[in-house]
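Structural description and commentary
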Amino acid sequence: MDIENIRLGVPGPVNLHPRVLRALSKPVYYHRTPEFRKIYGEVLEMYNKIINSQEGLTTAFMGTGTAAMEAAVAYMVDENTPVVSLINGKFSHRLYEIAKRHSKHVITISYERGKAVKPSDLAYVLEKHPGAVVTLTHNETSTGVLNPLPEIIKVAHEYDSYVIADGITSVGGDYVYFDKRNLDVLISGSQKCLGMPPGLSFVTLSPRARERVKSIYRERGKPYYVDLVKHIEKAQKNDTPYTASVSLIYAAHEALKIILEEGIGR
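None of these values were measured; they are calculated from a predicted model.

1. A closer look at the packing of helix H5 (residues 119-126) against helix H6 (residues 149-158)
Where H5 contacts H6, the two axes come as close as 9 Å, and the packing angle between them is 15°. Looking at the two axes, H5 sits roughly parallel to H6. Note on packing geometry: the crossing formed by H5 with H6 is right-handed. Seen from H5, the contacting residues are Pro 119, Leu 122, Ala 123 and Leu 126; seen from H6, they are Glu 151, Ile 152, Val 155 and Ala 156. Looking at the contact of H5 with H6 residue by residue, the classes come out as 7 nonpolar, no polar and 1 charged.

2. What about a nonpolar patch on the surface?
A cluster of nonpolar residues, Ile 3, Ile 6, Leu 8 and Val 10, forms a patch on the protein surface that exposes about 360 Å² of accessible area. Mapped onto the fold, Leu 8 is located in the segment before helix H1 (18-24).

3. A look at helix H8 (residues 228-235)
Among all positions of H8, only Leu 228, Val 229, His 231, Ile 232 and Ala 235 are buried. The buried residues of H8 occupy an angular sector of 165° when projected down its axis, which confines them to one face. Buried residues along H8 sit in contact with helix H2 (34-50), strand S1 (57-61), helix H3 (65-74), strand S9 (201-205) and helix H7 (207-215).

4. Things to note about the nonpolar core
Val 134, Val 163 and Leu 256 are the most contacted members of the largest nonpolar core, which has 53 residues in total. Those elements giving two or more residues to this core turn out to be H1, H2, strand S2 (82-87), H5, strand S4 (133-137), H6, strand S7 (162-166) and helix H9 (246-262). In terms of residue count, H9 provides more of this core than any other element does, 10 residues in total. Sequence-distant contacts of Leu 256, that is, excluding residues within four places in its chain, are made with Val 43, Met 46, Tyr 47, Ile 50, Leu 194 and Met 196. Within the second largest apolar cluster, 30 residues are counted, among which are Met 69, Leu 205, Val 213 and Val 226.

The rules we used
Residues numbered from 1 in each chain as written. Predicted model: local features only at pLDDT ≥ 70, side-chain atom pairs only at ≥ 80, totals over all residues. Heavy atoms only, no water. Axes fitted to C-alpha atoms, helices over the stretch in contact; angles between N-to-C directions. Helix = DSSP H or I, 4+ residues; strand = E, 2+ residues; numbered from the N terminus. Parallel < 35°, antiparallel > 145°, perpendicular 65-115°, else oblique. Left-handed = near helix turned anticlockwise from the far one by under 90°. Contact = heavy atoms within 4.5 Å. Nonpolar A, V, L, I, M, F, W, Y, C, P; charged D, E, K, R; others polar. Patch = residues over 30% accessible without salt bridge, like charges linked within 9 Å, V, L, I, M, F, W, Y side chains within 5 Å. Areas by Shrake-Rupley, 256 points an atom, 1.4 Å probe, with all protein chains shown as cover. Salt bridge = Lys/Arg side-chain N within 4 Å of Asp/Glu carboxyl O. Buried < 20%, exposed > 50% of the residue type's maximum accessible area, 1.4 Å probe, protein only. Arc of directions from axis to C-beta. Core = buried A, V, L, I, M, F, W, Y, C linked by side-chain atoms within 4.5 Å.

Structure below.
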């Protein structure tokens, strides 16, 4: 087997650009140095450009997309929060499974695989459960269906609800207008359209979502490692609460530069 010329035919991990591979081989800085913090800050800044956001606060997790899913749900939901999970594939189902661990009141709206979710179905449920947290996958990796995220957000906000969107296969591959669409929480991962190695994920919070996270932060039973409040607080200082995956941040820095050099269009 020619391991240097493997061609991956899966949604992710993906083949890495030679520039990203070279970035992975750079000498490792200590993650508390000014040099590393500058690189990490630039990663967060470039990422926000890709999702078209100036208002959202983004932090990186040293774990794959499921770590970001766990953080987003755990710190937006308490045990009494109604959660409406829109399920039309494997990864939207994973959000539902995480939600069940954090809320006693999880309602599902399920669809045949290959079918998109319907905003009208969500409106029907939210009439009975206003203020719920809604989970969905923007682009359902398991089937390739792009769900109507702008319409879902509009319906949710009409009922004072919040939307957590898994953008793991849409960020970098489709248009994600975080601010313009008033998205509350966006999750993404490194190893798909962003062209990075596996092992990093991102969570972006709107100002509205940040207020909610703070309001339930001290509840017992919240995860320690994926503490979303600590991550956001540190990210505002271009820092991480725990040891950073330094080489993966190097790779992210180069991959995001490549995307912005090529342009993401509008």
